[in-house]
Amino acid sequence: MTQIANIVLDCEGLSAWMTQDRKTASLFKALLHTKANLVVSANSIIEVTHAGTNMPRLNWALSRIKVEPVTAELAKAAAKLLKDTGLHGHKYAIDATVAVTALNQPGPVAILTSAVDDLTKLCGGQRVRIIPL
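The structure presented is a predicted model; accordingly, all values stated were derived computationally and were not measured.

### With respect to the pairing of strand S4 (residues 109-113)
Point 1. Taken across its five residues, S4 has five buried, putting it largely inside the fold.
Point 2. Neither face of S4 is open: one carries Val 109, Ile 111 and Thr 113, the other Ala 110 and Leu 112, and all of them are buried.
Point 3. Strand direction decides the pairing type here: strand S1 (residues 6-9) and S4, joined by four bridges, are parallel. Residue pairing for S4: Leu 9 is matched across the bridge by Leu 112.

Right, here's the structure in full:
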């Protein structure tokens, strides 16, 4: 596996980190073996939280990863990214903040996601590796 400095988790990536089922536990073990940092956009915390969320487990997961805030600057960059890619609306809004969060990380960087097509479009083949869940 190529050395990756930062792994950005979207909602599904954060959920996988929280549950650490058999499939994802080995993936996370391999990623962490490379000394990669786990990063999440604050928006993904909102997206992963619902009535059935195990809050102690979420808090455990968040204590072990870097949470990047969604600032006005990041929101403007995400809006521009959506415009530049021809995407719009709430369906892509959080994915755009995840993409900008990843693009703002020092490389090499990857996004762990189930939204492979959307994040591939948003990252535009730039220096972000997409790792499907």
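Read on for the rest.
### A short note on helix H1 (residues 11-19)
Count 3.6 residues to each turn of an α-helix, and residues three or four apart come out pointing the same way.
Point 1. Inspection of H1 places Cys 11, Gly 13, Leu 14, Ala 16, Trp 17 and Met 18 among the buried residues, and these make up the whole buried set.
Point 2. Packed against the buried residues of H1 are S1, helix H2 (22-33), strand S2 (37-41), helix H3 (42-48), helix H4 (55-63) and S4.
Point 3. Looking one or two residues beyond H1, the residue adopting positive phi is Gln 20, at roughly 45°.

### Overview of the packing of aromatic side chains
Point 1. A full pass over the atoms with the stated rule returns one aromatic pair.
Point 2. Here Trp 17 and Trp 60 contribute two aromatic rings whose centre-to-centre distance is 5.4 Å and whose plane-to-plane angle is 20°, an arrangement assigned as stacked. In this pair, Trp 17 sits in helix H1 while Trp 60 sits in helix H4, placing the two residues 43 residues apart along the sequence.
Point 3. Geometry around Trp 60 places Arg 57 over its ring, the cationic atom sitting 4.1 Å from the centre.

### Some remarks on the pattern of salt bridges
Point 1. Per the stated rule, a full pass over the model turns up three salt bridges.
Point 2. Close ionic contact of Asp 84 with Lys 80 constitutes a salt bridge, the shortest N to O distance being 2.7 Å. Of this pair, Asp 84 and Lys 80 both sit in helix H5 (residues 72-85), four residues apart, which is roughly one turn of that helix.
Point 3. Under the relative-accessibility criterion, Asp 84 is labelled exposed at 53%.

### With respect to the state of the cysteines
Point 1. Here the structure, examined in full by the defined rule, presents zero disulfides.
Point 2. Free cysteine: Cys 11, not disulfide-bonded; nearest cysteine sulfur from Cys 123 at 17 Å.
Point 3. Residue classification places Cys 11 among the buried positions, given a relative accessible area of 12%.

### Things to note about the sheet that holds S2
Point 1. One open sheet holds the five strands; their spatial order is S3-S2-S1-S4-S5, and the pairing between them is parallel. With partners counted over all chains shown, the strands left at the sheet margins are strand S3 (66-68) and strand S5 (128-132), one partner each. Averaged over all pairs of adjacent strands, the angle between their axes in this sheet comes to 30°, without regard to strand direction.
Point 2. Bridging between S1 and S2 involves four bridges; their strand directions are parallel. Residue Leu 9 lies in a different strand from S2, and its bridge partner there is Val 40.
Point 3. Seen against the sheet, H1 touches S1, S2 and S4 and runs at an angle of roughly 100° to S1.

Criteria and cut-off values
- Residues numbered from 1 in each chain as written.
- Predicted model: local features only at pLDDT ≥ 70, side-chain atom pairs only at ≥ 80, totals over all residues.
- Heavy atoms only, no water.
- Buried < 20%, exposed > 50% of the residue type's maximum accessible area, 1.4 Å probe, protein only.
- Helix = DSSP H or I, 4+ residues; strand = E, 2+ residues; numbered from the N terminus.
- Pairing = 2+ DSSP bridges.
- Contact = heavy atoms within 4.5 Å.
- Phe/Tyr/Trp six-rings, centres within 6.5 Å; stacked < 30°, edge-to-face > 60°.
- Lys NZ or Arg CZ within 6 Å of the ring centre and 35° of its normal.
- Salt bridge = Lys/Arg side-chain N within 4 Å of Asp/Glu carboxyl O.
- Disulfide = S-S within 2.5 Å.
- Axes fitted to C-alpha atoms, helices over the stretch in contact; angles between N-to-C directions.

Note that every value here comes from positions in space, so none of it alone points to a role or purpose.
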